[in-house]
Amino acid sequence: MNGPRGAVVLGIGQPMAGDDGVGIMVARRLAVRGLAVRESTDASVLLSLLEEGRKVVLVDAVLGPGKAGDVIRLRRESLTSEVTPLSSHGVTVLQALDLARTLFGEAAAGAVEIVGVVIERPEASAGELSPAVAAAVGPAATLVASLAAPSDQPVTE
Amino acid sequence: MTTRTIQVDLLARVEGEGALSLVLEGDRVVDAKLRIFEPPRLFEALLLGRACTETPDITARICGICPVAYEMSACHAVEDALGVRVEGALRDLRRLLYCGEWIESHVLHMVLLHAPDFLGFPDALTLARHHPERVKAGLRVKKAGNAIVRLLGGREIHPVNVKVGGFYRVPGQAEIAALLPDLRSAREEAEETLSWLATFDFPAFDRDRELVALRHPAEYPMNEGRLGSTHGLDIDVREFGAHIVEEQVAHSTALHARIVGRGSYLCGPLARYVLNADRLSARAQAAAARAGLDPSCRNPFRMLLVRGVEVVYALDEAIRIIDSYAPPAQACVPLAMRAGTGQAATEAPRGTLYHRYVLDDGGVIRQAQITPPTSQNQRGMEEDLVAMGGMLASLPLEEARARAEHAIRNYDPCISCSTHFLTLAFEQRERS
C-alpha cells in the first residue's frame, strides 16, 4: 500500500436516475472548489483509493430515515441496519467497505467517511434532482469538505 | 402433479431490474422468462431534436460500466451520416480507450461478480476471504484499465473527452507513456488471473447456436468491421436492420432481437472469440491455449475464460498502441453538417452495440435507434435455461437455483445499463 496522500471526495450515483445522482452533484460542486474528486456509479473505485492509502469521503444517496434532503453522516454499521447507500451496479458501498476491510485491513476501511443525502425512491429516467434534494447539495458539500479537510496533507490529484 | 415455488428476493452481481421465472416439470424447463419490468428509459426519444454532436455525451449516460461503447457507436454512426472518417492516431486513441473499458468491465465481472459462482461462494467478500491475493490482483488490473479511460476520457465514468470526429484534447506522448509500467505489470497479472480461472470446474453445456460479432480484416474487433456469424451472416453494418429485427414481448419492457428467418442468436465475448480468435495477438492466443480455449468452444460458462483472454489482449493492444503513439496534429477532424443516415456497430464488453441515426441538413437527429447487446441476448439467455432443464433437474433445488443464476451471469447482463435488482422466481413442478 502506498503512503497516505490527500483526501479524495468520492461521489457515487447515477445522474440519470434523478435523486440517485446527488452524490455526483455534491462531488462536482466540490471539484469546482479545487478538492480532489472522483465520480462513480460503481463503488469498486473505493477499493483502489483505499489501496493507495487515501482518505476517502464518500457521498451517496440514501433511503431513509429522515426526510428527503436531510444530510447525515453515516457509520459503516448503520448501513446494514438503518440506511443503505444506493449503488447502481454490482459492487455496493457496503460490499466495497467490507472488501476493503478484508483485503487491506481495518485501518484502510477506517479511512472512509460517509455522508448520505436522504432521498425518496429514485426514478430510473429522471434527469434532475428533486427540489428538496437539490437544496441539500450545498449543505452536503459543506459537510463533505469539512471531513476532507486536513489536517496536514495538501489536497493533490 | 405438485408444484413448488421458490423465491429469491435479490440476485446480486447482475446489472438491471427484472426477474427470471423458471418452471421446471420433471427434467424439463417448460418455461423460462427473463422479465424486464424496468420502465423504458426512452433514450432514443430523448435524442430526437438534439444536435448529432451531442450523441456521445447523451448516450454515455446509458451505462456507467460501458459508456465508452455508447460513445464509440454514437460517434461512428454520426460520422457515417456526415461522411467523415477518423483515421491514424485518433483512430488508435479510440481503440485504446475501448481497451480501457474492456479491461475495467471484464475484470469487474470476472473477479468480483462471476468467479464466486464457480467456487460456490455467495459473494465477492467470501471470495476475498479465501483468495485475497487473487482479488487484489484483479483490482490492480482493473485499475490499469481505469487509468486509460481516465486519461483519454477525462474521467473514469461517463467520459467527457470524446466527441464526434475525435477528442476535445489528445494526450501528449509523455502522458500516455506514463501508463506503460502499470499496463505491463497488469498484463502479467491478467495472465496469472486467467490461469487461475482456468482451474475452475466448468459445467458441461455446449450449445450450437448462432454467434454474431463484428469481424475486421486485420484486427480483433472493437470499433469497426462487418457483422458476421457462425451461421453464414456476413453483412455490412448498414444492412443490420434488414437482417436483425427487434420485437416486443409481453413479459419484458426490453425488445428481443432475432435474425430474420432464423431466430435467436448471441453476441458477446464468446461470439467475438469464436469468430475472431485468429485476430488476437500472439500473446493472447497463447494465453487462450494455456486456458484450454479454442474457437470450437460453444460453452457459455467458459465465457469467463474468454473475458480473461480479452483482458490479456486489451492490455497487449493498449501497450502496442502506446508504443507506437505519436500525437496527432489535431484532436478531431472537421465536421460539416448534412442530411443523411448513419449506422455503426462496435463491440461493447457485452457484445455488439448498434446505433442508427437519421439527420436533417442541419445535423439535427430526426430518428434514432440503439440496439444494445443485452437485448440481443435475452432470448438466447432464456433458451439456455430451457436447454439446461436436465442439468437443473439433476441438482438439489438450491444448487439448481444457483446454477440458473450462474447461467444468467455468463452473459454479464446489463439489463437497463443503470439499475439495481434481478429477482428470481424458480418454480419446480414435480410429477406426483
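Only a predicted model underlies this, so the values are computations on that prediction, with no experimental measurement involved.

So, how was this worked out
- Residues numbered from 1 in each chain as written.
- Chains lettered and ligands numbered in written order.
- Predicted model: local features only at pLDDT ≥ 70, side-chain atom pairs only at ≥ 80, totals over all residues.
- Helix = DSSP H or I, 4+ residues; strand = E, 2+ residues; numbered from the N terminus.
- Buried ≥ 20, exposed ≤ 12 C-beta atoms within 10 Å, placed from the backbone.
- Contact = placed C-beta atoms within 7 Å.
- Core = buried A, V, L, I, M, F, W, Y, C linked by C-beta atoms within 7 Å.
- Pairing = 2+ DSSP bridges.
- Axes fitted to C-alpha atoms, helices over the stretch in contact; angles between N-to-C directions.
- Parallel < 35°, antiparallel > 145°, perpendicular 65-115°, else oblique.
- Left-handed = near helix turned anticlockwise from the far one by under 90°.
- Nonpolar A, V, L, I, M, F, W, Y, C, P; charged D, E, K, R; others polar.
- Right-handed = clockwise from strand over helix to strand, strands pointing away.
- pLDDT = per-residue confidence, 0-100.

Caption draft 1: Structural detail: the overall build of chain B. When its secondary structure is counted, chain B shows 15 helices and 14 strands. Here chain B holds 432 residues, and the buried ones make up 53% of them. Taking all contacts inside chain B whose residues are at least 6 apart in sequence as the whole, residues at least 24 apart take part in 75%.

Caption draft 2: Structural context of the overall build of chain A. Scanning chain A from N- to C-terminus turns up seven helices and six strands. Each helix (α) and strand (β) of chain A, taken in turn from the N terminus, gives the series β-α-β-α-β-β-α-β-α-α-β-α-α. Each of the 157 residues in chain A was classed as buried or not, and the buried ones make up 55%. In chain A, the proportion of contacts linking residues at least 24 apart, taken out of those at least 6 apart, comes to 78%.

Caption draft 3: Main features of the nonpolar core. Judged by nonpolar contacts, the single largest core of 161 residues is most densely connected at A:Val9, A:Leu46, B:Val309 and B:Leu315. When residues of this core are assigned to their parent elements, the largest contribution, 15 residues, is made by helix α4 (residues 88-119) of chain B. With residues near it in sequence (within four places) discarded, A:Leu46 still touches A:Leu10, A:Val56, A:Leu58, A:Ala96 and A:Ala100. In terms of nonpolar packing, the next biggest core, distinct from the first, is built from 14 residues, B:Val29, B:Met381, B:Ala404 and B:Ile408 among them.

Caption draft 4: Region of interest: the sheet that holds strand β12 (residues 351-359) of chain B. All names here are of chain B. Strands sit in the order β11-β12-β13 across an open sheet of three strands; the sheet is antiparallel. Only two strands of the sheet have a single neighbouring strand rather than two, namely β11 (340-348) and β13 (365-371). Averaged over all pairs of adjacent strands, the angle between their axes in this sheet comes to 10 degrees, without regard to strand direction. In terms of strand pairing, β12 meets β13 through six bridges, oriented antiparallel. Opposite His355, over in β13, you have Ile370 as the bridge partner. Helix-sheet contacts for helix α3 (residues 67-82) involve β11 and β12, and the interaxial angle to β11 is about 150 degrees.

Caption draft 5: Region of interest: the packing of α3(B) against α4(B). All names here are of chain B. One can describe the packing of α3 onto α4 by two numbers: an axis separation of 9 Å at closest approach and a directional angle of 150 degrees. Accordingly, the angle class assigned to the pair α3 and α4 is roughly antiparallel. In the packing of α3 onto α4, the handedness of the crossing is left-handed. On the side of α3, the interface is formed by Val68, Ala69 and Met72, while α4 contributes Arg94, Leu97, Tyr98 and Glu101. Of the residues contributing to the contact of α3 with α4, the split by class is five nonpolar, no polar and two charged.

Caption draft 6: Representation of the environment of B:Gly120. Its location among the elements puts B:Gly120 in the loop between α4 and α5 (124-130). C-beta crowding within 10 Å serves as the criterion here: with 10 such atoms nearby, B:Gly120 is assigned to the exposed category.

Caption draft 7: Up close: the sheet that holds strand β7 (residues 226-229) of chain B. Residues and elements named next belong to chain B. Here we have three strands laid out as an open sheet, ordered β6-β7-β8, and antiparallel in their pairing. If you trace the sheet from one side to the other, it starts and ends with β6 (212-215) and β8 (234-235), each paired once. Two elements, β6 and β7, share four bridges in a ladder whose sense is antiparallel. Its bridge partner lying in β7, Arg215 is registered against Arg226.

Caption draft 8: Here's a closer look at the packing of helix α11 (residues 282-290) of chain B against helix α12 (residues 303-323) of chain B. Residue and element names in this part refer to chain B. Relative to each other, α11 and α12 sit at 160 degrees, their axes nearing to 8 Å. Between α11 and α12, the crossing angle belongs to the class labelled roughly antiparallel. For the pair α11 and α12, the sense of crossing is right-handed. Contacts between α11 and α12 pair Arg283, Ala284, Ala287 and Ala288 from the former with Val309, Val312, Tyr313 and Asp316 from the latter. For the contact of α11 with α12, the per-class residue count stands at six nonpolar, no polar and two charged.

Caption draft 9: Focus on the environment of A:Gly18. Its location among the elements puts A:Gly18 in the loop between β1 (8-12) and α1 (22-32). In the structure, A:Gly18 is positioned 112 residues away from A:Ser130 in sequence and 7.3 Å away in space, judged by C-alpha atoms.

Caption draft 10: Structural detail: the pairing of β1(A). Residue and element names in this part refer to chain A. Burial within β1 is extensive, with five of its five residues counted as buried. Note that β1 and strand β3 (residues 56-63) share four bridges and pair parallel. If you follow Val9 over to β3, its bridge partner there is Val57. Both β1 and strand β2 (residues 37-40) contribute to a ladder of four bridges, which runs parallel. Bridge assignment links Gly11 to a residue of β2, and that residue is Glu39. As for the winding sense of the linkage, the β-α-β connection from β1 through α1 to β2 is right-handed.

Caption draft 11: Quick look at the confidence of the model for chain B. Residues and elements named next belong to chain B. With 88% of its residues at a pLDDT of at least 70, chain B reaches an overall mean of 87. For residues 1-16, every residue scores under 50 in pLDDT, and the model assigns this stretch 50 contacts once sequence neighbours within four places are set aside. This complex was scored by the predictor with a pTM of 0.86 and an ipTM of 0.73.

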